[in-house]
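# Coordinate analysis (summary)
Chain residues, written in single-letter form:
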Amino acid sequence: MKKVLIFVTNHATLGETKEENGTFSPELTHALHVFLEAGFDYDLVSIKGGKAPVYGTDIEDDAVNAKILANETFQQRINNTIPAADIDVNDYAGIFYPGGFGLLSDLATNEAVAKMSAQHYEQGGVLAAVCHGPAGLLPITLSNGEKLLADKTVTGFTREEEVDYGTIDNIPFLLEESLARAAKQFRKGQPWGELVVEDNRVITGQNPASAHAVAVALVKHLL
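Quick summary incoming for the structure in this document.

## Describing helix H4 (residues 111-122)
- Relative to the 16 Å expected for twelve residues at 1.5 Å per residue, H4 spans 16 Å between its end C-alpha atoms, a close match to the ideal helical length.
- Taken together, the buried positions of H4 are Val 113, Ala 114, Met 116, Ser 117, Ala 118, His 120 and Tyr 121.
- Check the buried side of H4 and you find it contacts strand S1 (3-7), strand S6 (94-97), strand S7 (126-130) and strand S11 (202-205).
- The backbone nitrogen of Ala 112 has a side-chain oxygen 3.2 Å away, supplied by the residue at the start of H4, namely Asn 110.
- Just downstream of H4, Gly 124 is the residue with a positive phi angle, here 95°.

Below is the structure:
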């Protein structure tokens, strides 16, 4: 059975505020729904391991989110994430970074995880990320010294969406600006509308509405 490596954050607040945060639940659960339907297994991995903070667990009228959150296996895995140092990236068919503001404070700068993703990519693997998840792609440097994103077109959570969400003044950095500087091109659609960009085994989605489609795109690469 093919397995997807999912990197989740250990950071439990919005930046340096006291507002509870972490991984945004629907971006994780909607992707997991696609992976499981396709017959894939998954591991939840974080820098430190242990219980991973999640928010957005109480969204109304989201049956997929509620179903995955209630799953016993998921609960066991999100409460006992595997430390990144304990995994072998060769065990996985693809890598996925769900969003949420938490990873702006850890995965966005973590060199150890970035090296794992670089190794996976250079061995022919696929990297997928949604919303704030593409922040996890920023520190990835390939063996030739080039940044992964230097010749890629990507998308991610936009400035307009940060303003709409009321987070623009509290985020550690503005993802759109960082991606625009790091990548060959930053592409965006209308705020809150689905947008997925694929560029040479790097798949990115703009916002929560794009999580399902990002997962579908990843599965197509792995089948």
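## Regarding the sheet that holds S11
- In space, the seven strands of this open sheet follow the order S5-S3-S1-S6-S7-S11-S10, with mixed pairing throughout. A single partner strand is all that each edge strand has here, and the edge strands are strand S5 (82-83) and strand S10 (196-199).
- Of the strand pairs in this sheet, S1 and S6 are connected by three bridges, and their pairing is parallel. What sits directly across from Ile 6, in S6, is Phe 96.
- Along the sheet, helix H1 (residues 25-37) makes contact with S1, strand S3 (41-46), S6 and S7, crossing S1 at roughly 175°.
- Each of S1, S6, S7, S10 and S11 is contacted by helix H7 (residues 211-222), which is oriented at about 175° to S7, the strand it contacts most.

## Considering unusual backbone geometry
- For Cys 131, which is not glycine, the phi dihedral falls at a positive 65°.
- Relative to the helices and strands, Cys 131 is located in the loop between S7 and strand S8 (153-154).
- Given the relative accessible area of 4%, Cys 131 is considered buried.
- Residues other than glycine seldom take positive phi values, yet Trp 192 does so here, at roughly 75°.

## Things to note about the packing of H1 against H7
- With their axes 8 Å apart at the nearest point, H1 and H7 run at an angle of 35° to one another. By crossing handedness, the relation of H1 to H7 is classed as right-handed. Taking contact as the criterion, the partners of Pro 26, Glu 27, His 30, Ala 31, Val 34 and Phe 35 in H1 are, on H7, Ala 211, His 212, Ala 215, Val 216, Leu 218 and Val 219.
- When the residues that make up the contact of H1 with H7 are grouped by side-chain class, the tally is nine nonpolar, two polar and one charged.

## A short note on the nonpolar core
- By size, the foremost hydrophobic cluster in this structure holds 69 residues, and its most contacted members are Ile 6, Phe 35, Phe 96 and Tyr 97.
- At seven residues, the largest contribution of residues to this core is made by H7.
- If we skip the residues at most four places from it in the chain, Phe 96 touches Val 4, Leu 5, Ile 6, Phe 7, Glu 27, Ala 31, Phe 35, Ala 128, Ala 129, Val 130, Val 214 and Leu 218.

## Focus: the packing of aromatic side chains
- For the structure shown, the criterion picks out seven aromatic pairs.
- With centroids separated by 5.1 Å and ring planes inclined at 45°, the aromatic side chains of Phe 24 and Tyr 55 adopt a geometry described as tilted. Placement of Phe 24 in strand S2 (residues 23-24) and of Tyr 55 in strand S4 (residues 54-55) is noted, with a sequence separation of 31 residues between them. Tyr 55 carries the same exposure label as Phe 24, and that label is buried.
- What links up through ring pairs into an aromatic cluster is the set Phe 101, Phe 157, Tyr 165 and Trp 192.
- Above the face of the Tyr 42 ring, Arg 77 is positioned so that its terminal group lies 4.6 Å from the ring centre.
- Just above the ring of Tyr 121 sits the side chain of Arg 201; from NZ or CZ to the centre is 4.2 Å.

Criteria and cut-off values
Residues numbered from 1 in each chain as written. Predicted model: local features only at pLDDT ≥ 70, side-chain atom pairs only at ≥ 80, totals over all residues. Heavy atoms only, no water. Helix = DSSP H or I, 4+ residues; strand = E, 2+ residues; numbered from the N terminus. Expected span 1.5 Å × (residues − 1). Buried < 20%, exposed > 50% of the residue type's maximum accessible area, 1.4 Å probe, protein only. Contact = heavy atoms within 4.5 Å. Polar contact = N/O pair within 3.5 Å; in protein donor to acceptor, adjacent residues only side chain to side chain. Pairing = 2+ DSSP bridges. Axes fitted to C-alpha atoms, helices over the stretch in contact; angles between N-to-C directions. Left-handed = near helix turned anticlockwise from the far one by under 90°. Nonpolar A, V, L, I, M, F, W, Y, C, P; charged D, E, K, R; others polar. Core = buried A, V, L, I, M, F, W, Y, C linked by side-chain atoms within 4.5 Å. Phe/Tyr/Trp six-rings, centres within 6.5 Å; stacked < 30°, edge-to-face > 60°. Lys NZ or Arg CZ within 6 Å of the ring centre and 35° of its normal.

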